[in-house]
Amino acid sequence: MSYIQIEVEGVKRGLKFNQMALVVSAQFTDEENQLGTAGYALFYAGLKANCYVKREELDLNFEQCCDLFDKLDNEQVQAITKAFQESIAFQDKLPKEEIKKKKVKKTTLTDA
């Protein structure tokens, strides 16, 4: 899980990237336009997951979150992306690289 707090329009808001955020983000990302919608979905998911674990109600709907996301500067967007990428939920979704072991031929004294 990863957490970040950013200030948008004078209000500090927490975003938490956990399993819930991963699920919500997937639900709100348009499969036919992932590049154009993933940022909105990720921002909303982080806000929603943070409120959930704190047992608070999110005071914004999805449309309002999208409007706020459009007001973020590049540095804030990069910080949010980095926090998400550092989350365990994100790391678990990455394909696992297989480590290939070299096969070493055993030599015996009789082979020498």
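In short, a report on the structure.

1. What to know about the packing of helix α2 (residues 34–53) against helix α3 (residues 62–70)
- The contact between α2 and α3 brings their axes to 9 Å, and the two run at 115°. One finds that α2 runs roughly perpendicular with respect to α3. Note that α2 runs across α3; the crossing there is right-handed. Of the residues in α3, those touching α2 at G39, Y40, A41, F43, Y44 and L47 are F62, C65, C66, L68, F69 and D70.
- Of the residues contributing to the contact of α2 with α3, the split by class is 10 nonpolar, 1 polar and 1 charged.

2. Overview of the pattern of salt bridges
- Per the stated rule, a full pass over the model turns up 3 salt bridges.
- The shortest N-O distance in the salt bridge between R13 and D59 comes to 2.9 Å. With a gap of 46 residues between them, R13 in strand β2 (residues 11–17) and D59 in the loop between α2 and α3 connect regions that are remote in the sequence.
- Relative accessible area serves as the criterion here: at 13%, R13 is assigned to the buried category.
- Across the pair E86 and K82 runs a salt bridge, and its minimum N-O distance is 4.0 Å.

3. Some words on the nonpolar core
- Ranked by internal contacts, the top residues of the largest apolar core, which has 24 residues, are I6, L15, F17, F43 and I80.
- At the level of secondary structure, the elements contributing two or more residues to this core comprise β1 (2–8), β2, α1 (19–28), α2, α3 and α4 (74–85).
- No other element matches the 7 residues that α2 contributes to this core.

4. Focus: the layout of surface pockets
- Here the second largest pocket defines a volume of roughly 150 Å³.
- Surrounding the second largest pocket, M20, Y44, K48, C51, Y52, R55, E56, E57, L58 and L60 form its lining.
- Here the lining of the second largest pocket takes 4 residues from α2, the largest share from any one element.
- Here the lining of the second largest pocket is composed, by residue class, of 6 nonpolar, no polar and 4 charged.

Cut-off values and rules
Residues numbered from 1 in each chain as written. Predicted model: local features only at pLDDT ≥ 70, side-chain atom pairs only at ≥ 80, totals over all residues. Heavy atoms only, no water. Axes fitted to C-alpha atoms, helices over the stretch in contact; angles between N-to-C directions. Helix = DSSP H or I, 4+ residues; strand = E, 2+ residues; numbered from the N terminus. Parallel < 35°, antiparallel > 145°, perpendicular 65-115°, else oblique. Left-handed = near helix turned anticlockwise from the far one by under 90°. Contact = heavy atoms within 4.5 Å. Nonpolar A, V, L, I, M, F, W, Y, C, P; charged D, E, K, R; others polar. Salt bridge = Lys/Arg side-chain N within 4 Å of Asp/Glu carboxyl O. Buried < 20%, exposed > 50% of the residue type's maximum accessible area, 1.4 Å probe, protein only. Core = buried A, V, L, I, M, F, W, Y, C linked by side-chain atoms within 4.5 Å. 1 Å grid on protein atoms, 1.4 Å probe; cavity = no way out; pocket = protein on both sides within 12 Å on 5 of 7 lines; lining within 4 Å. Points joined across faces, edges and corners; volume = space filled by probe spheres on them.

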